Amino acid sequence: MHRIFIAINLPEKVKTELEKLEKEIESLFPPKLNRGMFRWVKKENLHITLLFIGAVRDEEIPKISQIVKDIAQSQKPFSLRIEKVSYGPPKKIPPRLIWVEVGRKPELSEIAKKLKKEMAESGILRKVEQREFSPHITLARIKSFWWKRIEPEERPEIEREIALDFEVNSIEIMESKLKKTGAEYTTLESAKLG
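Basis of the calculations
Residues numbered from 1 in each chain as written. Predicted model: local features only at pLDDT ≥ 70, side-chain atom pairs only at ≥ 80, totals over all residues. Heavy atoms only, no water. Phe/Tyr/Trp six-rings, centres within 6.5 Å; stacked < 30°, edge-to-face > 60°. Helix = DSSP H or I, 4+ residues; strand = E, 2+ residues; numbered from the N terminus. Buried < 20%, exposed > 50% of the residue type's maximum accessible area, 1.4 Å probe, protein only. Pairing = 2+ DSSP bridges. Axes fitted to C-alpha atoms, helices over the stretch in contact; angles between N-to-C directions. Left-handed = near helix turned anticlockwise from the far one by under 90°. Contact = heavy atoms within 4.5 Å. Nonpolar A, V, L, I, M, F, W, Y, C, P; charged D, E, K, R; others polar.

Caption draft 1: Here's a closer look at the packing of aromatic side chains. By the definition in use, this model includes 4 aromatic pairs. Each ring, one from F38 and one from W40, has its centre 5.2 Å from the other, and the planes form 45°; the classification is tilted. Through successive ring pairs, a cluster of aromatic residues spans F29, F38 and W40.

The following block contains the structure:
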């Protein structure tokens, strides 16, 4: 079985800027908290998830590949902007993530919607999430046990506007392998847009 998701991988320069941002945010927390409270996403793993599929069999991968290629072909390249860093998801207490929000673009929402619909209709997507697509890039996962042990006034304010623009030219089929050191992602296939 393979653990599969569809994503937009980021250009190297964007990953470098986000890695700097991670280090800035990390420095706002006392070192003892950093060790226990966060699992920071490695630079090479930074991405925008379009659709998490989950466990699939070997024989389902060609079907996934075809759906992704067809959807990619129907969409011209477009640009995206990373706009804001914050705790996420919004209104979630305690927060589960430190993330950067990506500006909502009709092209991005359309790709995510088509992927969900076609993967569900093909029987590959067995569990269809009802929540709305919220484009973001996870910088860190927060362990709620530690978060609850910090007094609210000691929690650093991290929210701020940022502006990082980049071009989206492809979408990727990714495999996630869970290891003790965290998830390891591999690109199985890259589908060029239009």
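Caption draft 2: View of unusual backbone geometry. For the bond running from G88 to P89, omega is -15°, close enough to zero to count as cis. Assignment of secondary structure puts P89 in the loop between strand 4 (78-88) and strand 5 (97-102).

Caption draft 3: Looking closely at the pairing of strand 1 (residues 2-9). Of all 8 residues making up strand 1, 6 are buried, and the element is well covered by its neighbours. Across 8 bridges, strand 1 lies against strand 3 (residues 47-56) in antiparallel orientation. Note that in strand 3 the partner of F5 across the bridge is F52.

Caption draft 4: View of the packing of helix 3 (residues 61-73) against helix 4 (residues 106-121). The contact between helix 3 and helix 4 brings their axes to 10 Å, and the two run at 150°. For the element pair helix 3 and helix 4, the recorded crossing hand is right-handed. From helix 3, I64, I67, V68 and I71 reach across to helix 4, where they touch I111, K114, L115, E118 and M119. Residue classes in the contact of helix 3 with helix 4 are distributed as 7 nonpolar, no polar and 2 charged.

So, to be careful, I would describe these as geometric facts and stop short of saying anything about function.
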